[in-house]
Every structure is written in C-alpha cells, then in structure tokens.
Amino acid sequence: AAAKSLSRGAFILFEGVDRCGKTTQASKLVESLNQSGVASELWRYPDRTTTIGKMIDDYLQCKADSDDASMHLLFAANRWEKKKMMEEKLRAGVTLVVDRYGYSGVAFTSAKKLPGLDQQWCKHSETGLVKPDCLMYMEISEDAAKKRGGFGEERYETTEMQKNVREVFADLREDWWNVVDADRTIEEVQKDVQTIAKDAVERCKRGKELEHFE
Ligand code: TMP
C-alpha cells in the first residue's frame, strides 16, 4: 500500500501498423518531454542490441530462418530480459516512451494464421510483463500508409501480412487505448500525442500504481 503514493515515470507505448509514423512521433515526444523537464528515454522493441535481439534481427533480415513459435517466444524474451530495468527506470522517475511492445508481438505472430498460434497462445508469453500506462494507437488508413512509400526488405513487409496485422490490432483494441488519427501532418499528430502523454506523466507522478499483464 505504501508504494501507491510513490511518484514514478510513465510507460508510454506507441503501437500501429508499419509506416503509421510511430517511430517519428515517439522520438519527437521524448525530445519535447526532456525539453519540458520530464526525464524520458526512447526504447524500442525488438531491442536488437542484446544477444536475443541479434537473433531476432537475423530472422527479420531473413539471414536466418526459424520456427514460428520459437520466434514468438524470442520476441517475448526480448521484453522479459529488460523487465527489471524497465521497472527500475520507471520507479526512478524516468518516463519511457516505447516504440512497439507485446501488442505487436501478438499482432504479428497471430497474423501468420498458423494452427496453434492463435491470439490466446500469443498472449501467454506477455503475462507478468509491465503494462503500459498509456497506449497511443497510431491509426492510419491503408491509402495514407501506401503514400508514405513502399515496403522495406524485412520479413513481414508484405501486403498480406500488413493487412492481417491491421485486423488483429483492431481486434485487440481496448477502451483505454488512445486512438490517434495518424493520417494528419506530423505537427498535428504531435500536438495530440503531447496532450495525451502529459496526462499520463501527471497520473504517474501522482503515484498511479505500476500494472502488469494478467
Ligand atoms: P521494427 O520495424 O519496429 O524494428 O519492428 C521489426 C518487426 O518485428 C516488425 O515487422 C514487427 C515485428 N515484431 C514482431 O513480430 N514481434 C514483436 O514482439 C515485436 C516487438 C515486433
């Protein structure tokens, strides 16, 4: 109960399909938070710098192939290996702005539509991980996403996969998510993002309890 009133940093998560602008918005947010005196860091998943992250990177770049279930668990392990540090940072008052997390994990693996790897199976590996205090779902229309340029070279950058991912995200959506209209200009989106983030930072500063996925 004592921990309840402790001030801490906020876990602000950006999720969305490819080319929705989440990476741009996440880094702009960190910049503006730090400028306004809110200590914050930009994190991203997969974190390709760890040993597990390097395996994921090889897989995404198609330098290595692997079993789909194993890969799902490696993506999750990449979050688990940084769980303690994440909690320490948040408790130390640092706000973490995170580019993708377990929702991408569930969306991408279940988008493969493989027997046995349904949404429920995909969610199991997330149980116990830190739940974000604020989720910005960057919603972009298929047309607007297409206008932002073609696919890259990585494994999941295909029309079919992106379409399925979009569908799973729509299915995963919960009431507490902040759905941000990402079809607009960078500046317009940024303004909304800052307002939403400021509120989350305030709530955590006042001692909102740290939650975990059940
Ligand atoms: P990135 O482009 O944001 O670096 O993400 C790399 C790819 O990894 C992207 O296609 C989404 C995918 N991904 C998963 O399949 N599972 C996960 O758990 C995460 C975080 C990302």
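Just so you know, these numbers come straight off a predicted model, no measurement behind them.

Asks: Would you mind going over the sheet that holds strand β1 (residues 11-15) with me for this structure?
Replies: Where strands meet in a sheet, backbone hydrogen bonds hold them as pairs that are either parallel or antiparallel. Spatially, 5 strands are ordered β2-β3-β1-β4-β5 in an open sheet, and the strand pairing comes out parallel. Single-partner strands in this sheet number two, and they are β2 (40-44) and β5 (178-181). Sheet twist, expressed as the average angle between the axes of neighbouring strands with direction ignored, equals 25 degrees. Taken together, the 4 bridges between β1 and strand β4 (residues 134-139) define a ladder with parallel strand orientation. In the sheet register, Glu15 faces β4, and the bridge partner there is Tyr137. Contacts from helix α1 (residues 22-35) reach β1, β2, β3 (95-99) and β4 within the one sheet, and its direction differs from that of β2 by about 165 degrees.

Asks: What's the story with helix α8 (residues 159-172) in this structure? I'm lost.
Replies: At 3.6 residues per turn, the α-helix brings residues three or four places apart onto the same side. In this model α8 runs 20 Å from its N-terminal to its C-terminal C-alpha over 14 residues, within 8% of the 20 Å that 1.5 Å per residue would give. Regarding α8, the residues found buried are Met161, Gln162, Asn164, Val165, Val168, Phe169 and Leu172. Down the axis, α8 shows its buried residues gathered within 165 degrees of arc, on one side only. Opposite the buried face of α8, at more than 90 degrees from it, the exposed residues are Thr159, Glu160, Ala170 and Asp171. Its buried side turned inward, α8 meets β1, α5 (102-110), α6 (119-124) and β4.

Basis of the calculations
- For every chain, the first residue of its written sequence is number 1, and the numbers climb from 1 along that sequence.
- Where local features are concerned, this predicted model is filtered to residues with pLDDT of at least 70; where side-chain atom pairs are given and counted, the filter is 80 or more; whole-chain, interface and lining totals use all residues.
- Only hydrogens and water are set aside; all other atoms, that is, all heavy atoms of the structure, feed into the side-chain values.
- A pair of strands is labelled paired if DSSP reports no fewer than 2 bridges between them.
- Every helix listed is a DSSP run of H or I at least four residues long, and every strand listed is a run of E at least two residues long, numbered separately from the N terminus.
- Simply put, an axis is a line fit to the C-alpha atoms, just over the touching stretch for a helix, and the angle between two N-to-C directions goes from 0 to 180 degrees.
- Only heavy atoms matter for contacts: two residues are in contact if any of them lie within 4.5 Å across the pair.
- Multiply 1.5 Å by the residue count of a helix minus one, and that product is the helix's expected span.
- Burial here depends on accessible area, computed with a 1.4 Å probe over protein chains only, as a share of the maximum for the residue type. Under 20% is buried, over 50% is exposed, and the range in between is partly exposed.
- Think of it as the arc spanned by the lines of direction from the helix axis to the C-beta atoms.

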